[in-house]
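Listed here are the chains, written in short residue letters.
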Amino acid sequence: MTIRSQLAPPERTALRLGFLRLSDSAPLIMARELGLYQKYGLQVDLLREVSWANVRDKLVSGDLDAAHMLAPLPLATALGAGGMRADMITALVLSLNGNAITVSPGLALEIAGRGGDPLQSARSTATALGRYLRETTPQPELTFATVHPFSCHTFQLRLWLQAGGIAPERDVRIIVLPPEQMVDSLARGIIDGYCVGEPWNSVAVQYGVGAVQVTGHQVWNNAIEKVLGVTAQWHKLHPGTHLRLRLALMEACTWLAHPANRVDTARILAQPEYLDMPRDQLLPSLTGQLQFVKGQPARELPEFHVFGRYQAGFPWRSHGEWLLQQTGAVLGKTLAPERIKALVQQTFRTDLYREAARYLDLPCPSGDYKPVNRHNSAWELEPGIELGPDMMLEEWL
Amino acid sequence: MTAATTTAAPLRLILVDDNRERAAAVEACLALSGFAVLSVIPTASGLLFQMAQQEPDVVVIALDSPDRDVLESLSIASSHNPRPVVMFSEAGDQGFIGDAIRAGVTAYQAEDINPDRVRAVIDVAMAQFAAYKGLRQELDQTRAQLAERKLVEKAKGLLMTIHKVSEEEAYSTLRKLAMDQHQSLGATARGVITLLQQPKSARRRP
């Protein structure tokens, strides 16, 4: 009660939030199930959207107040890449990790036949794939799919391919497909592999039409994945509502950080009004027990999805800059460092994150940038600020 | 020279919409307005192929299609021809964007096409989508009313046979019940039917 009375009144209480059918939409859904929106005086309608383009356009047109978004999307939208240009911001990261790269059983055999072992490292399977491409004449024409040009999925797929000495622009074809069409397209042989968020890797494994080669976590430990996106204009008009919304979601993320809550989460996400799919397809990644190939024992991956720990909610500007550099690479452009810095400063609102953390009495990093590729286990940045491993495969080359 | 644009070849377009009825209406309307509709497809799973084969100037797509992300990606991948760009990217007209989104339609155009011509395509599509939505709502409403009337008739009939009352009495009983329970007549009728259709033994139990 005391916290609520200190908070500025909300400019509006009835909100429309967009989400996609993905396991990492859990914070938005659990905040509702746990009554956290209500706790902060908000009444939230959750709207299931079918494409990221839709989410972005509805935010810009005001049909949505806020949404679950791919981390690079607010930056790409501010840059005007692809779709429409609009100033977007994020003041809260909803999750880290959560993706994997899956290939057809046939391609998995070629990779395994050349020593690629998914249990070993991301580089192991990438190197084997590179050998398969170079040693086979004529060179096989492989098509990979990702969920959006400006997504961590695209960046992770490119990093993995590059680790195997494969040029993503030249040696393979990369197309975009909606997450829900991935499994079917793989089964029909339209594509040879994909990088997608859960549950769409587990679904392919359970049907026996795909084998996981590498997790997003293996490509980049604890990479930023989904954020809470709003337009800059919306934030300006509703700062009090935005803060309350972030507080509700931060509490949901803290709840999700407890492994004991993940089975319940899978049960709730499975319901028709949310992801509307069997609970057994949601359990593997949410409980950190991912099966890579049908029939094999599951691997223990407690950090497959990270919510609410390792300062997961903090929108690191160092992450933002990396995302924009990668966005530039996909566009075939080099963005000037000053431009990148300015865009990230205006889009990744660390000041607003700190404001929310103060209300919840959560520790918060004092700087906006952090090193990457230095730590292979959890480490302490400052007293009370524990961060996760941050190795990135690129540097291992 | 505006004459050049008006007499130019008709814009060639592909329509992506998983709603067959609506797609047919939009197609007819676009054709009437002088646009060449190359094909109508339900999802984009065949879109990449269709785009390569037919090289449309514009792709008009239902907003609730997950394939919008696929289309947007084509504006970045230079190997695809034609290169569509998002209609809205240059326009920056938020009112127009909002209208299109609410109508449920968006369009992607080839780069060298005059945006005003594409706008005309969207205007036609938007009007059709909106009209369809309106018709749909009307139809749903009529259906609901019809279903309610049927329920009321059935409840009345049951009341008349079981309680041996006149049609008028049966109707006023239903209306009174509905008012007391703050329910619609249809909902009350449904409740009465459930109750009266139970076997007698079950009904009599307290």
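Residues numbered from 1 in each chain as written. Chains lettered and ligands numbered in written order. Predicted model: local features only at pLDDT ≥ 70, side-chain atom pairs only at ≥ 80, totals over all residues. Heavy atoms only, no water.

- Per an unreviewed UniProt entry, chain B is named ANTAR domain-containing protein, and its organism is Kineobactrum salinum.

- By the naming in an unreviewed UniProt entry, chain A goes by ABC transporter substrate-binding protein and is assigned to Kineobactrum salinum.
- Under the heading Subcellular location (unreviewed entry), UniProt records this for chain A: "Endomembrane system". (UniProt positions renumbered as here; feature names shortened; annotations may be inferred.)

Considerations on the sheet that holds strand S5 (residues 99-103) of chain A
Residue and element names in this part refer to chain A.
- An order of S7-S6-S8-S5-S9 is seen for the 5 strands of this open sheet, with the pairing classed as mixed. Here the strands that pair on one side only, and so sit at the sheet edges, are strand S7 (173-176) and strand S9 (211-215). If you compare each strand with its neighbour and ignore which way they point, the axes differ by 25° on average.
- In the sheet, strand S6 (residues 143-146) pairs with S7 via 4 bridges, with the strands oriented parallel. Across the sheet, residue threonine 146 finds its bridge partner in S7, namely valine 176.
- Sheet strands touched by helix H8 (residues 152-163): S5, S6, S7, strand S8 (193-197) and S9. Its angle to S6, the strand with the most contacts, is close to 145°.
- Where helix H10 (residues 200-207) meets the sheet, it contacts S5, S8 and S9, and its direction lies at approximately 130° from that of S8. (Pairing = 2+ DSSP bridges. Helix = DSSP H or I, 4+ residues; strand = E, 2+ residues; numbered from the N terminus. Axes fitted to C-alpha atoms, helices over the stretch in contact; angles between N-to-C directions. Contact = heavy atoms within 4.5 Å.)

Remarks on the pattern of salt bridges
Residue and element names in this part refer to chain A.
- By the definition in use, this model includes 24 salt bridges over all chains.
- Between arginine 246 and glutamate 355 there is a salt bridge, and its shortest N-O distance comes to 3.2 Å. In this pair, arginine 246 sits in helix H13 (residues 239-256) while glutamate 355 sits in helix H18 (residues 350-360), placing the two residues 109 residues apart along the sequence.
- For glutamate 355, a relative accessible area of 25% gives the class partly exposed.
- One salt bridge connects aspartate 368 with arginine 354, and the closest N-O pair in it is separated by 2.8 Å. (Salt bridge = Lys/Arg side-chain N within 4 Å of Asp/Glu carboxyl O. Buried < 20%, exposed > 50% of the residue type's maximum accessible area, 1.4 Å probe, protein only.)

Some words on the packing of aromatic side chains
All names here are of chain A.
- If you walk through the whole model with that rule in mind, you get 5 aromatic pairs over all chains.
- On the basis of an interplanar angle of 90° and a centroid distance of 5.4 Å, the ring pair of phenylalanine 314 and tyrosine 353 is categorised as edge-to-face. Here phenylalanine 314 is found in the loop between strand S13 (305-306) and helix H16 (317-331), whereas its partner tyrosine 353 is found in helix H18, with 39 residues between them in sequence. The pair phenylalanine 314 / tyrosine 353 is uniform in exposure class, with both members buried.
- Connected via pairs of aromatic rings, a cluster forms that spans Phe155, Trp220 and Trp322.
- When the ring centre of tyrosine 310 is taken as origin, the NZ or CZ atom of arginine 309, which lies over that ring, is 4.2 Å away. (Phe/Tyr/Trp six-rings, centres within 6.5 Å; stacked < 30°, edge-to-face > 60°. Lys NZ or Arg CZ within 6 Å of the ring centre and 35° of its normal.)

Focus: empty space enclosed by the protein
Residue and element names in this part refer to chain A.
- Tallied over the entire structure, the rule returns 3 cavities of 30 Å³ or more.
- Put simply, the largest cavity is a space of about 90 Å³.
- Taken together, 13 residues form the lining of the largest cavity, with Leu96, Asn222, Tyr310, Trp316 and Lys370 sitting closest to its centre.
- Looking at the lining of the largest cavity residue by residue, the class counts come to 8 nonpolar, 4 polar and 1 charged. (1 Å grid on protein atoms, 1.4 Å probe; cavity = no way out; pocket = protein on both sides within 12 Å on 5 of 7 lines; lining within 4 Å. Points joined across faces, edges and corners; volume = space filled by probe spheres on them. Nonpolar A, V, L, I, M, F, W, Y, C, P; charged D, E, K, R; others polar.)

What to know about the packing of helix H5 (residues 72-79) of chain A against H16 of chain A
All names here are of chain A.
- Two elements in contact, H5 and H16, have axes whose closest approach is 10 Å; the angle formed by their N-to-C orientations is 60°. The angle between H5 and H16 places the two elements in the oblique class. Considering how the two elements wind past one another, H5 and H16 form a crossing that is right-handed. In contact with Pro72, Leu75, Ala76 and Leu79 of H5, H16 contributes Gly320, Leu323, Leu324, Thr327 and Leu331.
- Of the residues assigned to the contact of H5 with H16, the class counts are 7 nonpolar, 2 polar and no charged. (Parallel < 35°, antiparallel > 145°, perpendicular 65-115°, else oblique. Left-handed = near helix turned anticlockwise from the far one by under 90°.)

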